Amino acid sequence: MDANGQKLFVRLFSRGCKWIRLSSLKYREVDIPLGYAALCDAGNTLVSCELDSLEELLIIMSGVELKAFAKDSQLLTSQQKRWAKKDCIEAIMLHAENQSLLIGNPLERTKKRVKRILGPLVKLRESVIDVFERVMVIYFRSMDILERPMIAGILSEVERWTFPDFEVDRSKDIFKTRQAAVEYFDALRLQATIEKCIETRRVSDCLQHVSEIQLRWEASLGDGIDQDVSQYFLSQFTSARVYTALLTTFSLDILPTLRQHAAALEILHILLSQQRHGRGSRGKWWDQLSHLTLNYGESSKSDREEYALELCVEAIRDPLVRAGWLVKIRRRMERLARLIWARKMEADAAMVPVVVGKRKKKSAAAKILDSGWDELVPGDVRARLVDLTIRDPTETVFTGTKLPDNATGRKSRWDIPDDLPVGFFDSEDGASPVSLTVEQVALARYAHRGYKGLHIENALFHHLFGLLFYTELYVTPTLTSVVKTEGQQPDPQSRQPSVFQTRFQTQPLDLFTDGFYASRSTALESRCNLLSSLSRAELARLVMETDARLRPRSVRGAGLSWTAIPETKLEELVMCMHPPALVAVLTVMAQAYKDHCGGLPDLVLWKVGGGDAGDGERKEELGHVKLVEVKGPGDRLSEKQIMWMDVLAAAGWDVEICKVVHRAGPEVVPDD
């Protein structure tokens, strides 16, 4: 088969096993007619080119084509112009089956008419897709069978995508045996089936797989697990990891939706009984277990509250529960402790004897409870929460005119303020918006205070993470040109074996696991110490040197976002940052990238030339950065956002909550 046939085959493979019109295929790197001819010449082993089912042919047609066909067949009247696609198909099918002709078969005649409209069709055979999906899993190390990583290879070849430069190392066996690879593929296939049921809202159909998944999960525990923390990422390629994800989906989403809370509780208990798989999910497991126990347990309300409190305590003791979930679980624990404390106080008050002329004698329980509800929380739990001090950030309130919109779940839209500068939110083509988002309202208000700003949420810190840790992510560290460090040698720990299995990876395979930071702790800590010691100008120079090297090629690396942050604004923004404060954020991200890559504030605002002088730098050379989380009417902070607000404030960032309200009185302006 020639190159056009091969490229078209891979493109069809990316679309799955379905009929596709040749006229709808448009790929710059493929000559479609030549590729189609090559596939047809290969015979029936690869593709099918003939479809004989009228119903399937009609499904391929667009809604406009179906209505035109029905109208041409005199099936569509003025009262039936609002027919949906399904109605048109049913009407055409019924007409073809019941029509009587003197000459010819009406069904075959209708098929010919439809085929003329559709043109040539093509579909890969299911057996071929099955083989190539297995090859994809083995070669591309795919962790989702619905993904098509072959596309990355194609786009890399035609120079649309550029990947980081790193050394591919396949010396480590991902699959110990052929049977392990087969079991992993079967687990991925079952996961795809469950996901399709959820997407098509056939959730009840998933229940038939629960027992099978649970049995397979229990049988696969411990298979292929390396005890070395640096090799923990290899567990991602085991069937146990897939089944753990499926059981998590059942316990968090499917079973509670179907009101099968007892089954969900059972699954959560068995998931928490092990620590090999789903280590990053333990926070959500504990949270769901305490929630279901509190609200859907079989015992009395008071017993459920006490048991839920015990579960919260155990969750906080679990070292694998991350800070974001600790915030949520801590809230529930404190609420339950107050409820139980109040109830015991009432009961104790009733037990205290009333003796005229003598001093009342309190019971032992009353003495304990008098010291506060926090006495119900064990000391080791309180000790772990010492560092999790929830600080109250500054709040700013802006007013605006909210446009009426009764659609549930849609972001609110706001009227454009009269004092908005001309062209402030114009798009690249010069078009002006007709309304604003709540974040744009806040940006406009802060602009009046002299702030420049971007609504980029997590993109800024992700981008800086990818730039400043590029060496630790992809290559062996070398001495930086920004700061001379005599005697510093590249740390061999920074590059781990086997984390790059193909040249089409955007990140090391262990980035989303606990092993990423644990196996690179020395290299990452050394890098953080170096970055903290830089001046603002040196930090900006280092960032822009790396950015200038990667941006022209639009390298697809971990966290890198070339469209979200313009090059000129990036340099100006970094010049306003305090290096140790930035390093504190990057360190938290590196320690648990999967858990801490979301929840950062919406807006990044900066003023050039503000701030306090220090370390010999003149005041006019410094800048000031403000991070703002914007909330509209009815919005509230999530647990991850609370965690990040606390981390940012502790690191010295100026963080703020901006509430935009609908004509709620005069604007509250805090002193800057």
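As the structure is a prediction and not an experimental result, all values here were calculated from the model.

Criteria and thresholds
Residues numbered from 1 in each chain as written. Predicted model: local features only at pLDDT ≥ 70, side-chain atom pairs only at ≥ 80, totals over all residues. Heavy atoms only, no water. Pairing = 2+ DSSP bridges. Helix = DSSP H or I, 4+ residues; strand = E, 2+ residues; numbered from the N terminus. Core = buried A, V, L, I, M, F, W, Y, C linked by side-chain atoms within 4.5 Å. Buried < 20%, exposed > 50% of the residue type's maximum accessible area, 1.4 Å probe, protein only. Contact = heavy atoms within 4.5 Å. Axes fitted to C-alpha atoms, helices over the stretch in contact; angles between N-to-C directions. Patch = residues over 30% accessible without salt bridge, like charges linked within 9 Å, V, L, I, M, F, W, Y side chains within 5 Å. Areas by Shrake-Rupley, 256 points an atom, 1.4 Å probe, with all protein chains shown as cover. Salt bridge = Lys/Arg side-chain N within 4 Å of Asp/Glu carboxyl O. Lys, Arg positive; Asp, Glu negative; His and termini not counted. Charge placed at Lys NZ, Arg CZ, Asp CG, Glu CD. Phe/Tyr/Trp six-rings, centres within 6.5 Å; stacked < 30°, edge-to-face > 60°.

In space, the three strands of this open sheet follow the order β1-β3-β2, with antiparallel pairing throughout. Two strands lie at the open edges of the sheet, namely β1 (20–21) and β2 (47–48), each paired on one side alone. Taken together, the two bridges between β1 and strand β3 (residues 121–124) define a ladder with antiparallel strand orientation. Opposite Arg21, over in β3, you have Leu121 as the bridge partner.

In this section: the nonpolar core. The biggest cluster of nonpolar side chains holds 120 residues, and the ones touching the most others in it are Phe465 and Trp653. The greatest single-element share of this core, amounting to nine residues, is contributed by helix α9 (residues 178–199). When neighbours within four sequence positions are excluded, Phe465 is seen to be in contact with Tyr470, Leu473, Leu511, Phe516, Leu586, Met589, Ala590 and Tyr593.

Here the focus is the environment of Glu126. Within the fold, Glu126 resides in helix α7 (residues 126–140). Taking the relative accessible area as the measure of exposure, Glu126 reaches 61% and is therefore exposed. The spacing of Glu126 and Val47 is 79 residues in sequence and 9.2 Å in space, taken between C-alpha atoms.

Let us now look at the sheet that holds strand β5 (residues 452–455). Read across the sheet, five strands follow the order β4-β8-β7-β6-β5 without closing on themselves; strand pairing throughout is mixed. Across the chains shown, the open sheet's two edge strands, defined by having one partner strand only, are β4 (394–400) and β5. The average undirected angle you get between the axes of adjacent strands in this sheet is 30°. Taken together, the seven bridges between β4 and strand β8 (residues 654–662) define a ladder with parallel strand orientation. Its bridge partner being in β8, Val397 is matched across the sheet by Lys659. Packing of helix α24 (residues 567–575) onto the sheet brings it into contact with β5, β6 (603–608) and β7 (623–631), and relative to β6 it is tilted by some 75°.

The next point concerns a negative patch on the surface. There is a patch of like negative charges on the surface, built from Glu55, Glu56, Asp87 and Glu90. Those elements that provide at least two residues to the negative patch are α3 (54–60) and α5 (85–98). The residue Glu55 is located in helix α3 in this model. Owing to a relative accessible area of 44%, Glu55 belongs among the partly exposed residues under this scheme.

Note that β5 and β6 share four bridges and pair antiparallel. What sits directly across from Leu454, in β6, is Val604. Two strands pair when backbone bridges link them, and β6 and β7 are joined in this way by six bridges, in the antiparallel orientation. When the sheet's bridge partners are listed, Leu603 is paired in β7 with Val628.

A separate point is the pattern of salt bridges. Enumeration over the complete set of coordinates arrives at 26 salt bridges. With a closest N to O distance of 4.0 Å, Arg553 and Asp165 form a salt bridge. Pair noted here: Arg553 is in the loop between α23 (536–550) and α24 and Asp165 is in the loop between α8 (150–157) and α9, with a separation of 388 residues, a long-range link. By relative accessible area, which is 36% here, Arg553 ends up partly exposed. Measuring nitrogen to oxygen at the nearest pair gives 3.1 Å for the salt bridge that ties Arg322 to Asp595. You can see Arg322 sitting in the loop between α14 (301–317) and α15 (323–351) and its partner Asp595 sitting in helix α26 (residues 593–596), a full 273 residues away along the chain. Just as Arg322 is buried, Asp595 falls in that class too. One network of salt bridges, in which partners are shared, links Asp130, Glu133, Arg134 and Arg189.

Right, let's talk about the packing of aromatic side chains for a bit. Applying the stated criterion across every chain yields a total of 18 aromatic pairs. Centroid distance Phe13 to Phe132: 6.1 Å. Interplanar angle 55°. Geometry classified as tilted. Here Phe132 lies in helix α7 and Phe13 lies in helix α1 (residues 3–14), a separation of 119 residues in the sequence. Residue classification places Phe13 among the buried positions, given a relative accessible area of 1%.

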